[in-house]
Amino acid sequence: MSIYLKVSFLIQTCYQSVSSVTSTIITYPLQVVSIRMIVQFVGREAKYTGTIQSLREIYSEEGISGLFAGLIPQLIGEIITLWIFRGLTFCVNKAVSSEIGEFKDLKVYTQQASRIIVSSLTYPFVLVANLMAVNKCRLEGTSKLPAFDSWTHCWRELRKQNLLWRGSSIFRRTSSTAVAGPLTLRKIL
């Protein structure tokens, strides 16, 4: 593998990292609104009625920090996902193409397999970001959730309760103490 390919890979991945971080920061308030609307649907509430109204409501109650609650674990997870995904795909494609030649169909499968592997590895960051997005939001569906001081506090509590991987797979269940339901975490913590 030439040095040019390695440098090109690193430069492209850096550009994609900047793009990913920028787009996540710009759109994250909409993700917070989306997550809260899902929680309100589960709790059969009507606090948030539309996107603009929801953004105003969150800003007036919690300030700018409410609109970006959970952003840090989201960004960390996305950067880790991007670098591992691109690195894994790059290495597998180079190894396979050097052995059996150029197969475009194989690259599609390599990307999909890499995406599944990487997303399962970075799932805890998504979970923590989602929990932080509804942390202290005064919805009935979250009223029994503990109030986390920070995303690291949330991470530590989930790890202590063996819940960091809860919900990550339909095949692997890690919480034997969980009671079935949409917000099982509140039953445990």
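Scroll up to find the structure.
Nothing here was measured: the structure is a model prediction, and the numbers come from that model. (Residues numbered from 1 in each chain as written. Predicted model: local features only at pLDDT ≥ 70, side-chain atom pairs only at ≥ 80, totals over all residues. Heavy atoms only, no water.)

## A look at the packing of aromatic side chains
Okay, step 1: What the rule picks out here adds up to three aromatic pairs.
Okay, step 2: Between Trp-151 and Trp-155, the ring centres sit 6.4 Å apart and the planes meet at 90°, which makes this aromatic pair edge-to-face. Placement of the pair is Trp-151 and Trp-155 together in helix α7 (residues 151-160), with a separation of four residues, close to one helical turn.
Okay, step 3: Judged by relative accessible area, which is 24%, Trp-151 ranks as partly exposed.
Okay, step 4: Among the aromatic side chains, those forming a connected cluster through ring pairs are Phe-125, Trp-151 and Trp-155.
Okay, step 5: One residue, Arg-115, lies across the ring of Phe-85, its end atom 4.5 Å from the ring centre. (Phe/Tyr/Trp six-rings, centres within 6.5 Å; stacked < 30°, edge-to-face > 60°. Helix = DSSP H or I, 4+ residues; strand = E, 2+ residues; numbered from the N terminus. Buried < 20%, exposed > 50% of the residue type's maximum accessible area, 1.4 Å probe, protein only. Lys NZ or Arg CZ within 6 Å of the ring centre and 35° of its normal.)

## Considerations on the layout of surface pockets
Okay, step 1: A volume near 280 Å³ is recorded for the second largest pocket.
Okay, step 2: Contributing to the lining of the second largest pocket are 12 residues, with Phe-9, Gln-12, Arg-86, Phe-90 and Asn-93 lying nearest its centre.
Okay, step 3: Of all the elements in the fold, those that place two or more residues in the lining of the second largest pocket are α1 (3-42), α4 (71-100) and α5 (104-121).
Okay, step 4: A total of six residues in the lining of the second largest pocket trace back to one element, the largest contributor, which is α4.
Okay, step 5: For the lining of the second largest pocket, the class distribution of residues is four nonpolar, five polar and three charged. (1 Å grid on protein atoms, 1.4 Å probe; cavity = no way out; pocket = protein on both sides within 12 Å on 5 of 7 lines; lining within 4 Å. Points joined across faces, edges and corners; volume = space filled by probe spheres on them. Nonpolar A, V, L, I, M, F, W, Y, C, P; charged D, E, K, R; others polar.)

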